[in-house]
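Residue-level listing of the chains:
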Amino acid sequence: VAVAVVLFTALLAAGRGGFLPGDDAEYAHLSRNFVAYLKGELDPALGPPWWGGELYLFAASGTWVYIESAIFYLIGPEVLVPILLNGAFALGMSLLIYDMTRRLFDRRAALLALALTAFFPSLVLWSSLNLKEALVLLRVALCLWSLMRFQERPRWWTLALAFAALVLLQNV
């Protein structure tokens, strides 16, 4: 969260709108346009069917554009909110890895795995930007965790959860 706030503030101060060049700005732009379209306020050139040249992001991002659009619809285009949500997704992934490692080895190994995943530089960076990577990693970890739980004690819900995580990953 601290890295996200510092990075976002520095990018705002640098005149980049809080974004690094690339997909993080495009996701926010498309989400704003989608919300404006839903509210009937969008310039037709930026809407369907091509979405101002950003149509590919609907498919390529999985559900990230839809999650960000829902946030923008509810509270307005506050980009720091989905960025902070990314931090929560990264934390969830780290906790799932902690639990899997604890089940496979011991608490000490689990704490090491938690520290490595929570503070790995690229994971910290990607979860501090307006990108889909933290959500994707959470889904992968959720799938593996669910399969591990199913192997330990077969229950229908653990298998359904693993399948749901995989289905949501298919277009990423």
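As a reminder, the structure under discussion sits directly above these lines.
Sequence positions are assigned chain by chain, starting from 1 and proceeding in written order. Predicted model: local features are reported for residues with pLDDT of at least 70 only, side-chain atom pairs are reported and counted for 80 or more only, and whole-chain, interface and lining totals are derived from all residues. Side-chain measures were taken over the full set of non-hydrogen atoms in the model, leaving aside hydrogen atoms and water.

### Quick notes on a nonpolar patch on the surface
Basically, it comes down to this: Here a patch means residues that are over 30% exposed by relative accessible area and free of salt bridges, tied together within 9 Å if like-charged and within 5 Å if nonpolar (Val, Leu, Ile, Met, Phe, Trp, Tyr). Areas reported as accessible are Shrake-Rupley estimates using a 1.4 Å probe. Residue values count occlusion only from the protein chains shown. Here, a salt bridge means any Lys or Arg side-chain nitrogen found within 4 Å of an Asp or Glu carboxyl oxygen. Segments assigned H or I by DSSP are reported as helices when at least four residues long, segments assigned E as strands when at least two residues long, and all are numbered from the N terminus.
Judged by side-chain polarity, Tyr37, Leu38, Tyr73, Leu74, Ile75 and Val81 come together as a nonpolar surface patch covering roughly 620 Å² of accessible area. Contributions of two or more residues to the nonpolar patch are made by α2 (23-38) and α4 (64-75). Among the elements that take part in the nonpolar patch, α4 stands out by supplying 3 residues, more than any other. Relative to the helices and strands, Ile75 is located in helix α4.

### Digging into the nonpolar core
Note the cut-off: Throughout this description, the term nonpolar core refers to a set of buried Ala, Val, Leu, Ile, Met, Phe, Trp, Tyr and Cys residues connected via side-chain atoms within 4.5 Å. Buried residues are those whose accessible area, probed at 1.4 Å on protein chains only, stays under 20% of the maximum for their type, while exposed residues exceed 50% and partly exposed ones sit between those limits. We call two residues in contact when some of their heavy atoms are within 4.5 Å.
Of all hydrophobic cores here, the largest spans 22 residues; its most connected members are Tyr27, Leu30, Trp51, Phe58, Val65 and Phe89. Considering each element in turn, this core owes the most residues, 6 residues, to helix α8 (residues 133-152). Those residues in contact with Trp51, other than ones at most four positions away along the chain, are Leu30, Asn33, Phe34, Tyr37, Leu42, Leu46 and Phe58.

### Remarks on unusual backbone geometry
Leave glycine aside and you will find that most residues have negative phi; peptide bonds, for their part, are mostly trans. A cis amide bond links Pro48 with the next residue in sequence, Pro49, at an omega value of 0°. Following the sequence through the fold, Pro49 ends up in the loop between α2 and α3 (55-60). Backbone geometry places Trp51, a non-glycine residue, at a positive phi of 55°. Turning to its location among the elements, Trp51 is positioned in the loop between α2 and α3.

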